[in-house]
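This is what each chain is made of:
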Amino acid sequence: MPASYAYLGPEGTFTEVALRTLPEAATRELIPYVSVQSALDAVRAGEAEAAFVPIENSVEGGITTTLDELVAGAPLMIYREVLLSITFALLVRPGTKLSDIKTVTAHPAAQPQVRNWLKAHLPDALWESAASNADGARLVQEGRYDAAFAGEFAAARYGLQALETGIHDAENAQTRFVLVGRPARPAAPTGADKTSVVLWQRDDHPGGLRDLLGEFASRGINLMLLQSRPTGAGIGNYCFCIDAEGHIADRRMTEALRGLKRICLQVRYLGSYPRADAGTADVRAPLPWTSDEEFVAAADWVARCQDGRF
Ligand SMILES: O=C(O)C(=O)Cc1ccccc1
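Per an unreviewed UniProt entry, the chain goes by Prephenate dehydratase and derives from Streptomyces tropicalis. Per UniProt, the chain has the following entry under Catalytic activity (unreviewed entry): "prephenate + H(+) = 3-phenylpyruvate + CO2 + H2O". In its Pathway (unreviewed entry) section, UniProt records this for the chain: "Amino-acid biosynthesis; L-phenylalanine biosynthesis; phenylpyruvate from prephenate: step 1/1."

Structure follows, in structure tokens:
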């Protein structure tokens, strides 16, 4: 297997910075791709061992290109996640003044994070989307746009200067990135894990979504992401991307997934992997009645009842 990770490039993306925080990245060749799709396709084609892509940010929610690839593309699995705090710099060619800026660019997910700043400082600037924030910087270097919102670290790479730094409409804006590979056995539980799945309902009925969520709730499983995505089958047809606290090897999660498999039309398992915020106050202990021991004891009791040995 090639010891390389594909990532959303070009060089100088936030994605690259987040990827380099993973210890395993130090022993891999890191190869930039022009889009999330092409990075994931490199994995599907066996050209790369895994791909590292943005999946969610705390301002706007899911990065839909990534979610849609994981929902509908050839199956892939998430093995790692990274959280990165994001602030933007306004990068320009040397000598450009704020009053010279008529066009700005960045990745579409950057826009909700800088919208207020733009309104206050460059209300008449025309926004056009770039394939990534670093690609926006590259396009400014080529003279295609006057300014790009990107990481300050991208300035040197593209011969630009930061006219403004620390731009962020929302305090503590974070982006979540995932390392995605071909399906294989998930890593062993760490005690602070997350499981991602996509659920398709069997039919449309009152309380349908509540039924799906009930499989988690009744087993004391907390949810960390719920994002609906259109199935493409017409207005009102959605599937649900869910991140839940816990590992597929935890009995409560095993039981919840069994329940979901019974009641859903389709369930796509996207992996169980260590939480990026493991070790922080946000990671709560499971409810006492949801431990593996409690599930084993309850199953034993039912077996004894069936045997008349209670
Ligand atoms: O990694 C990048 O630079 C991207 O273009 C994706 C992105 C977009 C917005 C915030 C963080 C990452």
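Still to come is the rest of the account.
Asker: Honestly, a nonpolar patch on the surface in this entry has me stumped. Any pointers?
Answerer: A cluster of nonpolar side chains, contributed by Trp 301, Val 302 and Phe 310, occupies part of the molecular surface with about 370 Å² of accessible area. Along the chain, Phe 310 falls in the segment after helix H9 (292–307).

Asker: Explanation requested: the site of the ligand in the structure shown.
Answerer: Close to the ligand lie 13 residues, the nearest being Thr 13, Phe 14, Thr 15, Ser 132 and Asn 133. Here an oxygen atom of the ligand sits 2.9 Å away from a polar atom, N or O, in the main chain of Asn 133. Alone, the ligand offers 320 Å² of accessible surface; in the complex the protein occludes 100% of this.

Asker: Would you take a moment to explain the UniProt feature "domain: Prephenate dehydratase" (unreviewed entry) in the chain for this structure?
Answerer: Here the UniProt feature "domain: Prephenate dehydratase" (unreviewed entry) sits at residues 4–182. Regarding residues 4–182, the helix share stands at 27% and the strand share at 34%, and the terminal C-alpha atoms are separated by 13 Å.

Basis of the calculations
Residues numbered from 1 in each chain as written. Predicted model: local features only at pLDDT ≥ 70, side-chain atom pairs only at ≥ 80, totals over all residues. Heavy atoms only, no water. UniProt positions renumbered as here; feature names shortened; annotations may be inferred. Patch = residues over 30% accessible without salt bridge, like charges linked within 9 Å, V, L, I, M, F, W, Y side chains within 5 Å. Areas by Shrake-Rupley, 256 points an atom, 1.4 Å probe, with all protein chains shown as cover. Salt bridge = Lys/Arg side-chain N within 4 Å of Asp/Glu carboxyl O. Helix = DSSP H or I, 4+ residues; strand = E, 2+ residues; numbered from the N terminus. Near = heavy atom within 4 Å. Polar contact = N/O pair within 3.5 Å; in protein donor to acceptor, adjacent residues only side chain to side chain.

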